[in-house]
Structure formats: C-alpha cells, structure tokens
Amino acid sequence: MLEMGRVTTAYMSGYNRSRVHQCALYAGEVRQLGLSANGAMPVGETVVSVVWDTWNTDVCVLGAGAIEADERSVQIDMKAQCSGRASVRCIVTTSGGGKYTQWYSIRVLLAPVMTGDTWVQGSSHVVVTA
C-alpha cells in the first residue's frame, strides 16, 4: 500500500444507500480510494472480504488493497491514466454475512503528456480477505 497522507474516502451510510462518491484526479496521479463502512454495518460486525472492480483500465487501474486495522474500513491503490470517467465498485462482505456496495465515479482530468509519462496494464478486479 502507498504511504500517503490523503485518501479519497467514501463514508458508507446505512440511511442513504444511493450515494456515489465522486472525485477528480489528474492523469498520472496515484491515489488511495478508501471506504469507511462503519455507518452501514451493524455493531460488532467486521469486514471479512472486499472486492474492488472497474471496467475501464484505460482511465484508471487498481493496485494493492487492504482491510484496515479497525476491520470496518478498506482501501485500495489506484492510478489515474488517460482522461475520462471511470466507475469503481467496492463490495464489502461482513462477518454476519451481509454484503454492502459502494460506488465511486472518478473523473480523470486531461493533463499534458510529458516525456517519461507511462501508462500501465493493471488490474480491473482485486479481492482482499481478512
């Protein structure tokens, strides 16, 4: 995982399940997407697995994912590549058998291409288990 101070974090709500977390990055940026599922999960349950998916790896690719020490939050590394829009879906499975989904809408902003800029082949599907 990256050691960064800022994480683009979504806060899952048990009351407003229609929330889509929106964010914007410049092409070439590497960032962490985070999710705090605390607001949607019943008290005492923990995250036992998480599945991250995106469909357009031209726009962004997924990296290493993790379940946080509090066992109610997760995060994944993501690299923004070409300008455009990407959707990322995060499905959390809890110790009680519940499944919760959080969506991210990521807008990658056009940035000038500089010598040495690289685009990578990367994951579109990442599974992390506790």
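Residues numbered from 1 in each chain as written. Predicted model: local features only at pLDDT ≥ 70, side-chain atom pairs only at ≥ 80, totals over all residues. Heavy atoms only, no water.

### Some points on the sheet that holds strand β5 (residues 60-67)
Read from one edge to the other, the open sheet built from four strands follows the order β1-β3-β6-β5, with strand pairing classed as mixed. Only two strands of the sheet have a single partner each, and these edge strands are β1 (8-11) and β5. The sheet shows a mean angle of 20° between the axes of neighbouring strands, taken without regard to direction. Of the strand pairs in this sheet, strand β3 (residues 30-36) and strand β6 (residues 73-80) are connected by seven bridges, and their pairing is antiparallel. The partner of glutamine 32 across the bridge, within β6, is aspartate 77. (Pairing = 2+ DSSP bridges. Helix = DSSP H or I, 4+ residues; strand = E, 2+ residues; numbered from the N terminus. Axes fitted to C-alpha atoms, helices over the stretch in contact; angles between N-to-C directions.)

### Examining the sheet that holds strand β7 (residues 84-94)
The five strands lie next to each other as β2-β8-β7-β4-β9, forming an open sheet whose pairing is mixed. One side of each edge strand has no neighbouring strand; the edge strands of this open sheet are β2 (20-26) and β9 (125-129). On average, each strand axis in the sheet is inclined to that of its neighbour by 20°, with strand direction left out of account. With seven bridges joining them, strand β4 (residues 47-54) and β7 adopt antiparallel strand pairing.

### Considerations on the packing of aromatic side chains
In the structure shown here, the tally under the stated rule is one aromatic pair. Summarising the aromatic geometry, the rings of tryptophan 52 and tyrosine 104 are spaced 5.9 Å apart at their centres and angled 35° between planes, so their arrangement reads as tilted. Residue tryptophan 52 is located in strand β4, and its partner tyrosine 104 is located in strand β8 (residues 99-109); the two are separated by 52 residues in the primary sequence. Take tryptophan 52 and tyrosine 104: they sit in the same class, and that class is buried. (Phe/Tyr/Trp six-rings, centres within 6.5 Å; stacked < 30°, edge-to-face > 60°. Buried < 20%, exposed > 50% of the residue type's maximum accessible area, 1.4 Å probe, protein only.)

### Quick word on the side chain of lysine 79
Inspection of the secondary structure assignment puts lysine 79 in strand β6. Setting aside anything within four residues of it in sequence, one finds lysine 79 in contact with Gly28, Glu29, Val30, Val59, Cys60, Val61, Thr118, Trp119 and Val120. (Contact = heavy atoms within 4.5 Å.)

### A closer look at the confidence of the model for the protein
Reading fine detail from the predicted coordinates is not recommended where pLDDT is low. When pLDDT is averaged along the protein, the result is 89; 95% of the residues meet or exceed 70. When pLDDT is averaged over each helix and strand of the protein, the minimum, 88, is found for β1 and the maximum, 97, for β4. (pLDDT = per-residue confidence, 0-100.)

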